[in-house]
Amino acid sequence: MENPHSILKKVFGYDGFRPGQEQIVSRLLAGQDVLAVMPTGAGKSICYQVPALLLPGITIVVSPLVSLMKDQVGALVQAGVAAAFLNNSLTDNQKALMLRRAREGWYKIIYVAPERLEMPGFQRFAQEREISMVTVDEAHCISQWGQDFRPSYLRIKEFVETLPKRPVIGAFTATATAHVRDDIRSHLDLHDPYEVITSFDRPNLYFGTRRALPSEKPRVLLDLVLKERDNAGIIYCSTTKQVDETTRLLQSRGIRAAAYHAKLDPETRRKNQDDFLYDRVQIMVATNAFGMGIDKPNVRFVIHYNMPKDLESYYQEAGRAGRDGQKSVAVLLVSRHDKATLARRLTAAFPPKDFIAHVYDEICRYLSLPMGEGFGAVFEFDPAVMCERYKLDYNRVMTSIGFLERAGYLTFVEELERRSRVMITVERHLLYDEVVDSCHEAVMLDLLRNYPGLFADYVFIDEQAVAYRCGLTPEDVYKALIAMRRQHILDYVPRSLTPYIFFTANRCPGEKLVIEQAIYERRRDSMKKRLDAMSAFAFDDTDCRVRRMLQYFGQRLEPGYGCGSCDICRSLSLIHISEPTSLRC
């Protein structure tokens with residue numbers, strides 16, 4: 001009979017569990033919810049994959065990371081585990097096939113993006129099959145006080161409540177302050193959870209800062225990289241422009257470097273990522289879009305060219321060095337201007353409520369949306385064009401849109417794929433009772449014949465092709481789809497060459513917006529504390545840097561604790577990587 005140790009050996013090839021893993025596995029198998037805060041590289045995935053293979057039903061792993069899904073499912077399949085993932089990287093036919101196989105019981109582990117939990121096809125599958133465990137990866141995304149809040153995570157609890165039988169829930173994250181842990185417990189409704197916080201200390205990592213004027217940073221960076229010889233490393237930059245400039249700088253010196261950021265096309269990003277993972281390039285220069293779910297054990301250095309947004313982000317990104325336990329280096333380049341940059345981030349992230357109201361009014365004016373109307377309306381919306389027309393600051397506008405989204409007034413979506421999409425939102429047996437207009441019926445029948453998977457998820461369509469087959473004009477098809485959307489028969493997102501905005505409430509006067517002051521102030525205070533902690537870590541040379549981090553994450557330390565290896569503990573005001581071997585002794 002299989003047990004955790006036999007699964008660990010047979011499937012994953014390990015002789016024993018790392019500290020903390022076995023206790024988590026045992027609690028999940030016993031039906032107890034778990035909240036685990038485990039630093040990058042501590043082996044979170046083993047903690048839910050092992051019990052998933054021993055529990056009787058299916059395990060759903062909720063994750064926002066497409067790259068992690070692909071990598072982990074690929075590794076599981078290679079190990080003989082029936083696993084699959086569901087996210088926007090799949091074609092419509094692939095999604096439909098995956099859901100059909102899931103309903104037929106093909107899989108033991110299914111990775112899913114949080115937004116997919118609300119899709120009718122996925123919900124039907126979850127009602128038909130036994131769900132033994134729901135694992136929430138990157139669980140800090142559920143907290144509005146965290147650094148990566150995602151509203152879609154708030155709906156995980158509702159999904160669990162709709163299941164015929166409540167599964168055991170495991171929540172995992174690499175970083176979480178006490179506030180964030182409270183939110184995870186509450187928003188997931190964890191029942192008497194077993195909680196484990198693995199030490200955040202990474203004794204194999206050297207943490208240090210290097211002071212440099214902005215004009216000196218390229219030279220300092222080159223010095224650091226060249227002294228690392230052929231070691232693999234990651235350089236984080238705050239903007240895509242800085243990524244491109246830094247990549248060109250390294251390449252001009254004969255260094256094998258590649259870039260990674262959101263403005264590169266998906267194929268280029270995939271190629272550059274694979275080149276780095278398989279050592280065809282030495283250095284990845286990237287925005288913070290790179291790294292989540294990437295498992296490359298031999299990264300020897302991580303350099304932050306610009307100031308990270310907070311210690312959570314910095315710890316996760318720096319922690320991608322030395323995942324194999326070997327001595328590695330994390331260096332933060334700082335200048336005196338960075339303090340002002342941090343202060344500007346707070347101002348930009350929390351515009352006054354009257355500015356948020358002004359942005360709302362300007363969006364409605366820009367889109368010619370009448371007062372009292374708009375619920376369910378979808379508009380093409382390029383915020384950069386609006387900002388140019390009305391002379392508004394782009395960053396402050398985007399931050400204001402974020403507050404409007406959280407308050408439930410609108411949803412802003414910026415996608416790479418902008419073809420028209422349709423998803424049928426009524427049950428199949430009710431469909432023909434709802435569609436009564438002959439033109440609507442012709443369009444619906446054509447959709448059903450030519451676009452599989454409409455009941456499961458959004459499917460890309462071609463209105464011109466539909467019109468040709470139905471003997472209608474494209475305008476007729478568009479009007480029919482809009483009308484059926486208003487009847488809540490289907491959801492239709494028209495083709496768009498720009499981002500779009502979806503109104504989730506009728507327009508009201510800006511001064512009537514309800515953005516709770518207490519929540520606004522608590523979020524602002526929370527961000528200020530994070531920025532202050534980041535500033536103290538970077539600029540205060542009187543205390544051990546590791547000590548500061550560990551205390552920030554709530555880890556209890558012995559009086560007088562010092563890591564003994566960071567630049568402060570070595571009694572240096574500047575770090576020196578001129579003798580890299582001395583850092584890895």
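Conventions and cut-offs
Residues numbered from 1 in each chain as written. Predicted model: local features only at pLDDT ≥ 70, side-chain atom pairs only at ≥ 80, totals over all residues. Heavy atoms only, no water. Salt bridge = Lys/Arg side-chain N within 4 Å of Asp/Glu carboxyl O. Helix = DSSP H or I, 4+ residues; strand = E, 2+ residues; numbered from the N terminus. Buried < 20%, exposed > 50% of the residue type's maximum accessible area, 1.4 Å probe, protein only. Disulfide = S-S within 2.5 Å. Expected span 1.5 Å × (residues − 1). Polar contact = N/O pair within 3.5 Å; in protein donor to acceptor, adjacent residues only side chain to side chain. Pairing = 2+ DSSP bridges. Right-handed = clockwise from strand over helix to strand, strands pointing away. Axes fitted to C-alpha atoms, helices over the stretch in contact; angles between N-to-C directions. Parallel < 35°, antiparallel > 145°, perpendicular 65-115°, else oblique. Contact = heavy atoms within 4.5 Å. Nonpolar A, V, L, I, M, F, W, Y, C, P; charged D, E, K, R; others polar. Phe/Tyr/Trp six-rings, centres within 6.5 Å; stacked < 30°, edge-to-face > 60°. Arc of directions from axis to C-beta.

Considering all chains together, one arrives at 23 salt bridges under this definition. Note that E195 is salt-bridged to R185, the shortest N-O span being 2.5 Å. Separated by 10 residues along the polypeptide, E195 in strand β7 (residues 194-197) and R185 in helix α8 (residues 178-187) bring together distant segments of the chain. Classification of E195 by relative accessible area gives partly exposed; the value is 33%. Given the relative accessible area of 25%, R185 is considered partly exposed.

Glancing now at the state of the cysteines. Evaluated as defined, the whole model comprises 0 disulfides. Residue C566 stays outside any disulfide, its sulfur separated by 3.7 Å from that of C563, the closest cysteine. The class for C566 is buried, based on a relative accessible area of 0%.

Moving on, we come to helix α16 (residues 394-406). Compared with the 18 Å implied by 1.5 Å per residue over 13 residues, the 19 Å span of α16 between its first and last C-alpha is a close match. Those residues of α16 not exposed but buried are V397, S400, I401, G402, F403 and L404. Two to three positions downstream of the cap, the backbone nitrogen of R396 sits 2.9 Å from a side-chain oxygen, assigning the N-cap of α16 to D393. Just past α16, the residue G408 takes up positive phi, approximately 90°.

Because side chains alternate across strand β11 (residues 283-286), one face comprises the buried residues I283 and V285, and the other comprises M284 and A286, equally buried. One ladder, built from 4 bridges, connects strand β9 (residues 232-236) with β11; its direction is parallel. Residue pairing for β11: Y236 is matched across the bridge by A286. Following the chain from strand β10 (residues 257-260) across helix α11 (residues 266-277) to the adjacent parallel β11, one finds a crossover that is right-handed.

Moving on: the packing of helix α18 (residues 438-450) against helix α20 (residues 474-486). Packing of α18 against α20 brings their axes to within 9 Å, and their N-to-C directions diverge by 90°. Overall, the two elements α18 and α20 adopt an arrangement that is roughly perpendicular. Residues C439, H440, V443, M444 and L447 of α18 lie in contact with α20, whose contacting residues are D476, V477, A480, L481, A483 and M484. Residues that form the contact of α18 with α20 fall into these classes: 9 nonpolar, 1 polar and 1 charged.

In space, the 3 strands of this open sheet follow the order β17-β16-β18, with antiparallel pairing throughout. The open sheet has two edge strands with one neighbour each: β17 (459-460) and β18 (490-493). Both strand β16 (residues 421-424) and β17 contribute to a ladder of 2 bridges, which runs antiparallel. Its bridge partner being in β17, R421 is matched across the sheet by F460.

With phi around 55°, R229 is a residue other than glycine that occupies positive phi space. Checked against the element boundaries, R229 lands in the loop between α9 (217-227) and β9. One non-glycine residue, K391, adopts positive backbone phi at about 60°. Locating K391 in the fold gives a position in the loop between α15 (383-390) and α16.

Let's shift gears to the packing of aromatic side chains. The final tally for this structure, using the stated rule, is 18 aromatic pairs. For the pair F122 and F125, a centre-to-centre distance of 5.2 Å together with 65° between the ring planes defines the contact as edge-to-face. One end of the pair is F122 and the other is F125, both in helix α6 (residues 120-128) and 3 residues apart, which spans about a single turn. Here the two residues F122 and F125 agree in accessibility, since each one is buried. Geometrically, the ring pair formed by Y366 and Y390 is edge-to-face, given 6.2 Å between the ring centres and 85° between the ring planes.

This part covers the sheet that holds strand β3 (residues 83-86). By definition, the strands of a sheet pair up through backbone hydrogen bonds, in either a parallel or an antiparallel sense. The 7 strands are arranged β3-β4-β2-β5-β6-β1-β7 in an open sheet whose pairing can be described as parallel. Here the strands that pair on one side only, and so sit at the sheet edges, are β3 and β7. Here the strands of the sheet are splayed against their neighbours by 15° on average, with no regard to which way each runs. In this structure, strand β2 (residues 58-62) lies alongside strand β5 (residues 131-136), joined through 5 bridges in parallel fashion. Paired with V61 across the strands is T135, a residue of β5. The strands that helix α3 (residues 44-54) touches are β2, β4 (109-112), β5 and β6 (168-173); relative to β4, the one it contacts most, it runs at about 135°. Running over the sheet, α8 touches β1 (34-37), β6 and β7 and is turned about 155° from β1.

Here we take up α15. Listed as buried for α15 are P383, M386, C387 and Y390. When α15 is viewed along its axis, its buried side chains cluster within an angular range of 100° and face the same direction. Among the exposed residues of α15, those pointing more than 90 degrees away from its buried face are E388 and R389. Of the residues that open α15, the one with a side-chain oxygen 3.0 Å from the backbone nitrogen of A384 is D382. Phi turns positive, to about 60°, at K391, one or two residues after α15.

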